[in-house]
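Chains, contacts and geometry: an overview
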Amino acid sequence: MVSVSTVNSNASLKHILKTEREMLSAMERISSGKRINNAGDDAAGAAISDRMMATVRALDMSIRNAMDVLSMSQVAESAINEHSQALQRIRELSIQAATDILNAEQRIYLQTEANQLLEEMDRVARDTTFNEIAVLDGTFADRRFQIGSHEREKAVISVANLRIDQLGAYQSSTDLQDAGTANNLAAEGKLGTDATNAASLVQAGDNLTITGLVGQAEVDVAAGNSAKEIVNLVNAKFDSTGVSATATTTVKLQGLTSDAAGSHVVGFKLYGKNTTAQTISATITLGAAVGAADLTGLRDSFNAYTANTGIRATLSADASNIILVQDEGEDIVLEEVDFAGVANANTKLQMTAMSPDQNTSTTTVRDVLDASQANDSIRYGGIIQFHSSQTFTVEGNGGGGLYEASPGVATLNKVGTIDIRTVSGAVDALKVIDRALDRIHMERAKFGAIMSRMNVVIDNLTNVSANQKTSMARITDANFALESAKLSKSQILQQSAMNMISQASRTMQNVLILFN
């Protein structure tokens with residue numbers, strides 16, 4: 001038989017165990033601050049909170065990654081700024097060297113400074129690193145940066161090679177010398193009996209297809225277009241291609257006679273940017289060889305009307321030849337050349353097309369004869385130069401008035417090869433530097449965009465991480481008010497249960513009194 005006191009004691013003991021378990025749970029939650037201290041507390045909540053913790057830790061590390069990218073961008077952008085400053089100074093030196101007030105020795109001084117600046121630019125591009133990783137030497141390509149908690153959340157960054165042998169102007173030009181189709185190029189010169197007969201060799205089919213950084217565009221060339229007119233058409237498409245163009249018409253003029261050596265009066269009509277003929281007349285000295293000529297008077301006559309024609313004449317040191325330059329790319333036309341007192345083909349002008357830098361000339365020499373002969377007039381078209389800071393291609397009509405063969409991909413005129421020891425070199429340097437600056441500006445803009453993006457990434461990830469932590473806290477954190485109330489309740493119930501067990505023991509003591 002089980003006594004009433006035993007039953008009461010067991011009931012009290014059961015409640016003591018239950019309240020003790022609740023009290024221990026409340027104490028653990030209060031001491032740890034966590035509602036879930038093991039999976040038994042909340043199996044689903046534990047799994048959810050663990051996944052959320054993985055996300056939070058990934059977000060916090062992604063914030064660090066984004067900050068590293070921001071720091072790397074700041075370092076690289078500062079180095080690129082030094083590139084810009086150096087190029088600006090070299091451009092200043094080129095402007096200074098492009099004036100004839102300096103002599104050759106003084107230009108060497110300018111070239112010396114330019115060389116030092118170029119060497120420093122190359123060193124900066126080579127040695128600029130972040131965490132021992134080179135940034136500006138072309139090896140920083142397709143670098144991946146994790147900026148999120150999932151594998152797809154990334155930023156891929158590439159930086160161009162800014163070494164001086166990879167920086168400059170990508171250039172392409174129309175042809176100067178025919179290689180297969182004879183007498184087809186406008187730049188080689190066209191002889192005739194007058195300006196109309198010596199018509200431009202540019203054809204209606206000489207259209208251009210230009211593919212550049214921005215995109216592709218067609219340039220429709222009309223028959224007889226001058227180089228300047230074609231340049232205007234190309235530049236009008238700049239926003240579609242990212243390729244610009246300039247043009248220059250450069251011709252060497254010489255003279256000789258095989259039967260009337262000495263002084264000659266020569267006259268002709270001259271066309272450049274003018275549409276109305278400009279009469280030119282001068283007294284020159286001719287000999288049996290071109291080297292015996294003295295063209296000083298003719299040089300002066302050309303330059304007297306430069307404002308009207310746009311044609312500038314430069315006399316060689318020995319006065320035997322003149323370089324004619326129309327720097328807008330207008331056709332240079334000499335019409336009806338007339339040597340006073342000459343009625344045969346033995347006294348003539350010899351003309352040769354040259355490249356804009358005057359370093360290359362065609363092997364085709366045109367003989368412009370006296371007005372008593374058939375070929376007393378000549379027209380020269382200009383050379384068109386295409387420029388861009390990025391690689392591009394030009395497709396043209398091979399065998400036409402502009403190209404002997406379609407040129408294809410442009411070549412890089414490197415900033416490291418800048419030579420300002422001559423006027424023409426200094427002028428060419430300006431084109432190269434301007435395109436190099438465009439490239440620098442593009443890379444700076446790229447880093448500026450990266451920095452702007454990383455600031456947004458950091459702000460966004462910080463916000464997402466904070467919200468994730470708040471959500472996780474709602475699942476895992478203990479409710480101190482609730483747990484404190486549970487602890488107090490458990491302690492009270494435990495004390496009550498203990499008192500009840502003690503009371504049950506006293507009841508048994510009362511039974512023993514009956515035996516006495």
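Values in this document were obtained by computation on a predicted structure and should not be read as measured data.

How two aromatic rings sit relative to each other is set out by the distance from centre to centre and by the angle between their planes. Within this structure, the stated rule accounts for 2 aromatic pairs. On the basis of an interplanar angle of 40 degrees and a centroid distance of 5.7 Å, the ring pair of F268 and F302 is categorised as tilted. Residue F268 is located in strand β10 (residues 262-271), and its partner F302 is located in helix α6 (residues 296-304); the two are separated by 34 residues in the primary sequence. Its relative accessible area of 3% is what places F268 among the buried residues. F302 gets classed as buried once you look at its relative accessible area, which sits at 0%.

A word on the nonpolar core. In terms of nonpolar packing, the biggest core is built from 51 residues, with L87, L136, I420, F447 and M454 touching the most fellow members. In contact with L87, other than residues within four places in its own chain, are M121, L167, V415, I433, A436, L437 and I440. Counting residues in each nonpolar core, the second largest holds 31 residues, with A187, V266, I284 and F339 among its members.

What follows deals with the pattern of salt bridges. In total, this model carries 19 salt bridges according to the counting rule given. D122 serves as the salt-bridge partner of R163, at 2.7 Å between the closest nitrogen and oxygen. Of this pair, R163 sits in the loop between β4 (154-157) and β5 (168-173) while D122 sits in helix α3 (residues 104-127), and the two are 41 residues apart along the sequence. When the shortest N-O distance is used, the salt bridge between D127 and R126 registers 2.9 Å. With relative accessibility at 36%, the residue D127 sits in the partly exposed group. The exposure class of R126 is partly exposed, given its relative accessible area of 40%.

Here we take up the side chain of E330. Among the structural elements, E330 can be located in the loop between β13 (322-326) and β14 (332-339). Beyond its immediate stretch of four places on either side in the chain, E330 contacts S226, K228, T249, G272 and K273.

Axis separation between helix α2 (residues 43-97) and α3 bottoms out at 10 Å; the angle between their running directions is 165 degrees. It follows from the interaxial angle that α2 and α3 lie roughly antiparallel. The hand of the α2/α3 crossing is left-handed. On α3, the residues that touch A79, H83, A86, L87, R89, I90, L93, Q96 and A97 of α2 are R107, L110, E113, A114, L117, L118, M121, V124 and A125. Looking at the contact of α2 with α3, its residues break down into 13 nonpolar, 2 polar and 3 charged.

The rules behind each value
The numbering scheme is per chain: residues are counted from 1 as the chain's sequence reads. Only residues with pLDDT of 70 or above have their local features reported here, since the model is predicted, and side-chain atom pairs are shown and tallied only from 80 upward, although totals for entire chains, interfaces and linings are computed over all residues. Note: side-chain values were computed over all heavy atoms of the structure, leaving out hydrogens and water. Each Phe, Tyr or Trp ring (for Trp, its six-membered ring) is paired with any other whose centre lies within 6.5 Å, and the angle between the two planes then decides the class: stacked below 30 degrees, edge-to-face above 60, tilted in between. Numbering of helices and strands runs from the N terminus; a helix is a DSSP stretch of H or I covering at least four residues, while a strand is a stretch of E covering at least two. Buried, partly exposed and exposed residues are distinguished by accessible area as a fraction of the type maximum, computed with a 1.4 Å probe on protein chains only: under 20%, between the cut-offs, and over 50%, respectively. Only buried Ala, Val, Leu, Ile, Met, Phe, Trp, Tyr and Cys residues count toward a nonpolar core, and they belong to the same one when joined by side-chain atoms within 4.5 Å. The contact rule is simple, with two residues in contact once any of their heavy atoms fall within 4.5 Å. A pair is scored as a salt bridge if a Lys or Arg side-chain nitrogen falls within 4 Å of a carboxyl oxygen belonging to Asp or Glu. Axis definition: a line fitted to C-alpha atoms, over the contacting stretch in the case of helices. Angles run 0 to 180 degrees between N-to-C directions. By definition in this entry, angles of less than 35 degrees are roughly parallel, angles greater than 145 are roughly antiparallel, angles of 65 to 115 are roughly perpendicular, and the rest are oblique. Put simply, a crossing is left-handed when the front helix is turned counterclockwise from the back one by less than a right angle, and right-handed when it is turned clockwise. Residue type decides the class: Asp, Glu, Lys and Arg count as charged, Ala, Val, Leu, Ile, Met, Phe, Trp, Tyr, Cys and Pro as nonpolar, and the leftover types, Gly among them, as polar.

Treat this as a map of the structure, not an account of what it does.
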